[in-house]
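Here are the chains, one letter per residue:
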Amino acid sequence: MKRRRKLGADYVAPSPYTLKNALEKGDLFTKLSIVVFGLGNFVHKQYLKGLIFLASEVLFIIFMATAGVKNLSLLPSLGGREASSGWVDGKYVHIAGDNSVIILLYGVCTVVLCIAFVLWWSLVIRSAYKAQVLGGGKDRRAPSFMDDIHTLLDAKANQLLLFLPLAGILIFTVLPLIFMISMAFTSYDHNHLVIFKWVGLENFKAVFSNSGSIVSGRLFLSVLLWTLVWAFFATFLNFFCGLFLAMVINRKTTYGKNVWRAIFSMSIAVPQFVSLLVMHQMLQPSGAINRLLMNWGWIDQALPFFTNATWARVTVIIINLWVGIPYTIMQVTGILQNIPAELYEAAKIDGANWWQTFTKITMPYIFFVLTPYLITTFTGNVNNFNVIYLLTRGDPGVVGESAGKTDLLITWLYKLTVDRSDYNLGAVIGIMTFIVLAVVSLITYRNSGSYKNEEGFR
């Protein structure tokens with residue numbers, strides 16, 4: 001006998017109003033709703049809902065007839081008509097050519113809209129089948145439009161509340177991401193800013209091979225390795241230094257706790273870009289720090305804070321500590337104050353020393369609570385454009401290479417797109433950045449206590 005699966009208290013049975021059931025068990029009007037949206041709803045007296053479905057179909061047909069078909073037809077070629085000038089009816093006029101960026105954008109939007117329409121089509125058929133089932137008897141009626149509204153506000157309030165955030169993510173995150181990914185397979189660079197073509201995997205070959213002059217596999221691996229090293233130190237040095245200071249401030253023997261916390265809070269209030277620009281000027285060869293050290297006689301020549309690769313990398317890590325530690329202190333302070341005091345009292349009774357208390361109680365609790373925060377911080381440091389670009393501009397650079405020794409993937413992407421107008425190569429770097437972050441974040445989070453044990457900490 002097959003073992004039955006245990007059903008939890010929050011188990012929800014699957015809906016019987018599926019597309020498969022609608023196509024197999026639906027009546028004539030339900031199946032005609034495949035072609036004429038809302039017909040099944042009209043038959044079962046759901047007039048307003050049927051009208052909305054029918055109007056959506058009409059609007060989609062009008063869009064496809066006026067613009068959608070043209071957008072899709074131009075997408076494979078991305079246009080090719082050059083701008084020209086000539087005499088027309090005795091007047092010298094300029095005839096605009098194709099713009100591949102606009103064609104690609106409109107084409108991607110049309111494809112996404114078609115996919116959304118297919119999902120909407122499935123909803124229409126399932127709605128017609130539901131009206132058939134619920135309103136098929138003599139004394140039965142399908143839910144009215146107001147009944148559906150009341151259901152959305154009550155039993156399905158979660159779906160209603162999640163709709164706008166989900167729509168925002170799809171429109172402002174997913175759609176631009178698809179557009180950017182599409183750009184990676186084109187020849188959209190500084191030589192083809194108006195009209196470009198599909199080139200397949202040529203841009204990926206350029207990034208991962210060593211034959212290119214602007215980008216190469218060696219340069220990509222170098223920037224990727226430094227990005228991961230930077231993100232690791234920028235995340236965990238900030239965390240452990242901030243944790244240490246927070247624990248010192250939180251000690252019972254520390255006086256003026258509120259004063260120390262206020263000092264660190266005020267450092268957060270200073271705009272980060274202002275602090276970074278000031279530090280950029282102070283660490284120049286003729287800046288305040290080098291001048292001060294030379295006047296004191298401690299050095300004979302300016303320290304190469306930004307001209308030597310090792311010095312520059314250590315410098316940005318140290319300055320990031322100064323910028324990021326106050327945030328960690330604020331985070332950890334709230335967690336330390338919420339650790340149950342009974343745990344520390346029990347450990348003291350059992351004879352545990354400070355190190356055992358720290359490793360067995362404090363750290364497990366903090367890691368359990370802050371694992372999502374650390375993943376977010378690591379992701380933010382991989383994409384930490386401000387600290388790197390405002391301090392070093394990616395320098396020191398190497399002649400002939402598009403990335404400097406302190407460039408991260410995100411600053412390299414910026415230089416390729418904004419400075420060099422090589423948007424196709426920048427799109428490839430963007431895709432690789434996304435893959436690296438997704439893999440690291442998913443693996444780390446799925447193996448953390450926050451994911452495996454949501455009810456408590458170990």
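Residues numbered from 1 in each chain as written. Predicted model: local features only at pLDDT ≥ 70, side-chain atom pairs only at ≥ 80, totals over all residues. Heavy atoms only, no water.

1. Some remarks on the overall build of the chain
Each helix and strand in the chain was counted, giving 19 helices and 2 strands. Since a compact globule built from 458 residues should have a radius of gyration of about 23 Å, the 31 Å found for the chain marks it as more spread out than a globular shape. For the chain, the proportion of its 458 residues judged to be buried stands at 37%. The contacts in the chain between residues at least 6 apart in sequence include a share of 65% that link residues at least 24 apart. Carbon and sulfur atoms form 67% of the exposed surface of the chain, whose accessible area is close to 27,600 Å². In the chain, the 37 positive side-chain charges and the 24 negative ones have mean positions that sit 7 Å from each other. (Helix = DSSP H or I, 4+ residues; strand = E, 2+ residues; numbered from the N terminus. Rg over C-alpha atoms; globule rule 2.2 N^0.38 Å. Buried < 20%, exposed > 50% of the residue type's maximum accessible area, 1.4 Å probe, protein only. Contact = heavy atoms within 4.5 Å. Areas by Shrake-Rupley, 256 points an atom, 1.4 Å probe, with all protein chains shown as cover. Lys, Arg positive; Asp, Glu negative; His and termini not counted. Charge placed at Lys NZ, Arg CZ, Asp CG, Glu CD.)

2. Comments concerning the packing of aromatic side chains
The tally for this structure, following the rule as stated, stands at 21 aromatic pairs. Ring centres of Phe 53 and Trp 120 lie 5.4 Å apart, and the angle between their planes is 75°; on these two criteria the pair is classed as edge-to-face. With Phe 53 in helix α4 (residues 47-74) and Trp 120 in helix α5 (residues 100-134), this pair connects stretches of sequence that are 67 residues apart. Measuring from ring centre to ring centre gives 4.6 Å for Tyr 188 and Phe 196, while their planes differ by 20°; the resulting arrangement is stacked. Residue classification places Tyr 188 among the buried residues on the basis of a relative accessible area of 11%. Looking at Phe 196, the relative accessible area reads 1%, which means it is buried. (Phe/Tyr/Trp six-rings, centres within 6.5 Å; stacked < 30°, edge-to-face > 60°.)

3. Remarks on the side chain of Thr 433
Among the structural elements, Thr 433 can be located in helix α18 (residues 423-446). The buried category is assigned to Thr 433, whose relative accessible area is 6%.

4. What about helix α13 (residues 309-336)?
Residue pairs spaced three or four apart in an α-helix point in one direction, given the helix's 3.6 residues per turn. Given a rise of 1.5 Å per residue, 28 residues ought to cover 40 Å, and the 39 Å separating the end C-alpha atoms of α13 matches this to within 8%. Helix geometry: α13 is bent most strongly at Gly 324, by close to 40°, with proline Pro 326 lying one to four residues after it. (Expected span 1.5 Å × (residues − 1). Bend = angle between axes of the 7 residues up to and from the residue.)

5. Thoughts on the side chain of Thr 186
Within the secondary structure, Thr 186 sits in the loop between α7 (157-183) and α8 (202-208). Within polar-contact distance, the side chain of Thr 186 engages the backbone nitrogen of Tyr 188 at 3.4 Å. Once residues lying within four places of it in the same chain are set aside, the contact partners of Thr 186 are Leu 78, Phe 196, Lys 197, Trp 198, Val 199, Asn 203 and Asn 424. (Polar contact = N/O pair within 3.5 Å; in protein donor to acceptor, adjacent residues only side chain to side chain.)

6. Focus: the environment of Leu 75
Position of Leu 75 relative to the elements: it lies in the loop between α4 and β1 (84-88). With a relative accessible area of 15%, Leu 75 lands in the buried category. The spacing of Leu 75 and Tyr 106 is 31 residues in sequence and 8.5 Å in space, taken between C-alpha atoms. The contacts of Leu 75, once residues within four sequence positions are left out, are Ile 103, Leu 104, Gly 107, Val 108, Val 111 and Trp 198.

7. Thoughts on the nonpolar core
Core analysis: the biggest nonpolar cluster contains 30 residues, and Phe 220 and Trp 412 have the highest contact counts within it. Elements represented by at least two residues in this core include exactly α5, α7, α8, α9 (217-250), α17 (409-419) and α18. Counting residues per element, this core draws most heavily on α18, which supplies 7 residues. Setting aside its immediate chain neighbours within four residues, Trp 412 contacts Val 215, Leu 219, Phe 220, Val 223, Ser 402, Ala 403, Asp 407 and Ile 429. Counting residues in hydrophobic clusters, the runner-up holds 24 residues, among them Leu 293, Leu 303, Ile 388 and Leu 390. (Core = buried A, V, L, I, M, F, W, Y, C linked by side-chain atoms within 4.5 Å.)

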